[in-house]
Amino acid sequence: MKKYEELFEETFPFWEELCDEKKNYLLNNTTSISYKKGSNVHDAQGCSGIFIVRSGCLRLYIMSEEGKDITLYRLHKGEMCMLSASCVIQSITFDVFIDAEEDSECCVIDGRAFSELSESDPAVKIFSLETAVSRFSDVMWVMQQILFMSMDKRLAIFLYDEATRTSSDTVILTHEQIAKYIGSAREVVSRMLKYFSNEGIVEVSRKGVKILDKRKLRDLAF
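Here is what the cut-offs are and how they apply
Residues numbered from 1 in each chain as written. Predicted model: local features only at pLDDT ≥ 70, side-chain atom pairs only at ≥ 80, totals over all residues. Heavy atoms only, no water. Pairing = 2+ DSSP bridges. Helix = DSSP H or I, 4+ residues; strand = E, 2+ residues; numbered from the N terminus. Axes fitted to C-alpha atoms, helices over the stretch in contact; angles between N-to-C directions. Contact = heavy atoms within 4.5 Å. Phe/Tyr/Trp six-rings, centres within 6.5 Å; stacked < 30°, edge-to-face > 60°. Buried < 20%, exposed > 50% of the residue type's maximum accessible area, 1.4 Å probe, protein only. Lys NZ or Arg CZ within 6 Å of the ring centre and 35° of its normal.

**Points about the sheet that holds strand β2 (residues 40–43)**
1) Next: The 4 strands lie next to each other as β2-β7-β4-β5, forming an open sheet whose pairing is antiparallel. Of all the strands in the sheet, the pair left with one neighbour each is β2 and β5 (69–75). Mean inter-strand twist for the sheet, computed between neighbouring axes without regard to direction, equals 20°.
2) Next: Here helix α4 (residues 122–148) sits on the sheet and contacts β4 (58–63) and β5; the angle it forms with β5, its principal contact strand, is near 140°.

**Digging into the packing of aromatic side chains**
1) Next: Taken as a whole, this structure holds 11 aromatic pairs when the rule is applied.
2) Next: When the centroid spacing of 4.9 Å and the interplanar angle of 15° are considered together, the rings of F12 and F14 count as stacked. Residues F12 and F14 agree in their burial class; the two are buried.
3) Next: Taking 6.3 Å as the distance between ring centres and 55° as the angle between the ring planes, the aromatic pair formed by Y35 and F51 counts as tilted. On the criterion of sequence distance, the pair formed by Y35 in strand β1 (residues 30–35) and F51 in strand β3 (residues 50–55) is long-range, its members being 16 residues apart.
4) Next: Using a relative accessible area of 13% as the deciding quantity, one classes Y35 as buried.
5) Next: For the cation-ring pair, R59 lies above Y61, with the distance from its terminal atom to the ring centre recorded as 4.1 Å.
6) Next: It is R74 that lies over the ring of Y181; its NZ or CZ is 4.2 Å from the centre.

Have a look at this one:
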């Protein structure tokens, strides 16, 4: 219980405003769940709850009838997902899937419990809506890239953002993983990385993609 309380203090700006009864209600409706790499966390419609990643990485995506998927965003340590709880944000009418990209430990708040709290407390409601809007902005950014940007620009943005996020010049991902994250094919990513390599922007090896010229990569991205 104590570990959840400390996590909620860090995650929810409204936490200190809640009365003890509401705090305990949320704490009593929270569990810890471990997911193995490759396992499905949330499958299409339903209210799986509010996920807070404590370790590992989750990937949220949509899928076509033909089985082609598009990554909307990934969740890393300390990040939260509201789109898996349609009972909280009822305007969510599209199906989303969530898989564990790594062995992951998550804190899961029961969606209906959070929904009840949201309906009774304006601060919780506002937080829920603001969080959903922020994630929809991420989704629209992904769609904008896929619809309007060239592949070299999309790849450059991904590599630059990933290097910035991890504070490393080496992106430790396979070509297939990169392709999955930017909504492309592995062959296309491999071909574009070879072009980047010939231009002296990156160095490709089994260890991943090492960025040699970050300024040139940034110019290409932005």
